[in-house]
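What follows is the residue order along each chain.
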Amino acid sequence: VLTYPNCGEAFIDLFKCNGIRTYYYGMDLHFVRNRMEYQLTGNLEKKELSEKFYKMEKRLIEMADLSYYPSIKEVQTVQNEFGVANVKYLIPFFYERAKEASDYYPDKREGIFFIGGYGHPPNADAVLWFVKEIYPLIYEKAHIKFYIAGSNEPKELQDLEIPGLIHLGFLSEKELAAWYQKIRMVVIPLRFGAGVKGKTLEALYHNIPMVSTSIGIEGISEAEQYIVHTDDAQEFARQVLDLYDDEAKLLDMSKAYQGLIQKHYSKEAAWDNIKNDFLEAER
């Protein structure tokens, strides 16, 4: 099993010329993510990267016996762009068991939360867009604190003087788990990217209600039914404000998230997703 374009490019010829059955897990479509960033920012380097990854990913998908992507939308993109059938959806994460939704008590929690490594361009863009265009609309009407966590916070973000914004910096796994027991809501203001977003699934797993963009929920089964999402800054702010003090709605969302994890992201669901690919290869 090869993963990521650069790794796949380095080894797929060796595997295939030796008759080794080869699976390629793309993680996300790199050419799509860079293309979206170019369209949003006009950065020509991202355009060149998109073209480079397009050729690389096309070759890997055509050569692999079977390719996987963690988003049904990406599977459809691969089929449409490259005209191949040997690609399928793969659950990106699974959990041994769902967390109890009864652990979520809105009245004992406060603040909204975002986590992401800012060395990854979609995360840095998301937070800067949120604090410049969305959070001021929220803070103007309700002094809700906004906690941001993650490594490599850009200087542009560090230098912003935004009332209510709290920089947590890098958090260990233990520290992050503790924050998921404190916060009332998560925001996922991603404007570009590809694949299933780990931060979104993590919030689902912890049963924390969230407001997201359409990119933030991409590829997650049934997400559109249960996660509030919008790509408009003013509507995003309105949805956060409407939900934040609606304890009944927050509790309903928390319980629904637990069901999504059990149904689509359990260990059993993950095995059912791939077992025939490997068992049939052995026969």
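Residues numbered from 1 in each chain as written. Predicted model: local features only at pLDDT ≥ 70, side-chain atom pairs only at ≥ 80, totals over all residues. Heavy atoms only, no water.

Participant: What's the story with helix α4 (residues 72-82) in this structure? I'm lost.
Facilitator: Three or four residues apart is the spacing at which side chains of an α-helix point the same way, because the helix has 3.6 residues per turn. Among all positions of α4, only Glu 74, Val 75, Val 78 and Phe 82 are buried. Considered in projection along α4, the buried side chains sweep an arc of 105 degrees and stay on one side of the axis. Against α2 (30-41), α3 (44-63), β3 (66-69) and β4 (87-89) lie the buried residues of α4. (Buried < 20%, exposed > 50% of the residue type's maximum accessible area, 1.4 Å probe, protein only. Helix = DSSP H or I, 4+ residues; strand = E, 2+ residues; numbered from the N terminus. Arc of directions from axis to C-beta. Contact = heavy atoms within 4.5 Å.)

Participant: Which parts of the structure should I look at to understand the packing of aromatic side chains?
Facilitator: For any pair of aromatic rings, geometry is given as the distance between the ring centres together with the angle between the planes. With the rule as written, the count across this model stands at 15 aromatic pairs. Taking 5.7 Å as the distance between ring centres and 70 degrees as the angle between the ring planes, the aromatic pair formed by Phe 113 and Tyr 180 counts as edge-to-face. You can see Phe 113 sitting in strand β5 (residues 112-115) and its partner Tyr 180 sitting in the loop between α7 (173-179) and β8 (185-188), a full 67 residues away along the chain. Judged by relative accessible area, which is 1%, Phe 113 ranks as buried. (Phe/Tyr/Trp six-rings, centres within 6.5 Å; stacked < 30°, edge-to-face > 60°.)

Participant: So what exactly am I meant to see when it comes to unusual backbone geometry here?
Facilitator: Residues other than glycine predominantly adopt negative phi, and peptide bonds predominantly adopt the trans conformation. With a phi angle near 60 degrees, Asn 152 is a residue other than glycine that sits in the positive phi range. The topology assignment puts Asn 152 in the loop between β6 (146-149) and α6 (155-158). The exposure class of Asn 152 is exposed, given its relative accessible area of 58%. At Asn 207, a position not held by glycine, the phi torsion is positive, near 60 degrees. By the element assignment, Asn 207 lies in the loop between α8 (198-205) and β9 (210-212). Accessibility expressed as a relative area gives 1% for Asn 207, which makes it buried.

Participant: Before we go on, may I ask you to explain the pairing of β5 in this structure?
Facilitator: On a regular strand, each side chain points to the face opposite its neighbour's, so the side chains alternate between the two faces of the sheet. The side-chain alternation of β5 yields two buried faces, one formed by Ile 112 and Phe 114 and the other by Phe 113 and Ile 115. Relative to β6, β5 is paired through four bridges, and the arrangement is parallel. Within β6, the position partnered with Phe 114 by the bridge is Ile 148. Taken together, β5, helix α5 (residues 121-141) and β6 constitute a β-α-β crossover, and its handedness is right-handed. Bridge count between β5 and β8: two bridges; the pairing is parallel. (Pairing = 2+ DSSP bridges. Right-handed = clockwise from strand over helix to strand, strands pointing away.)

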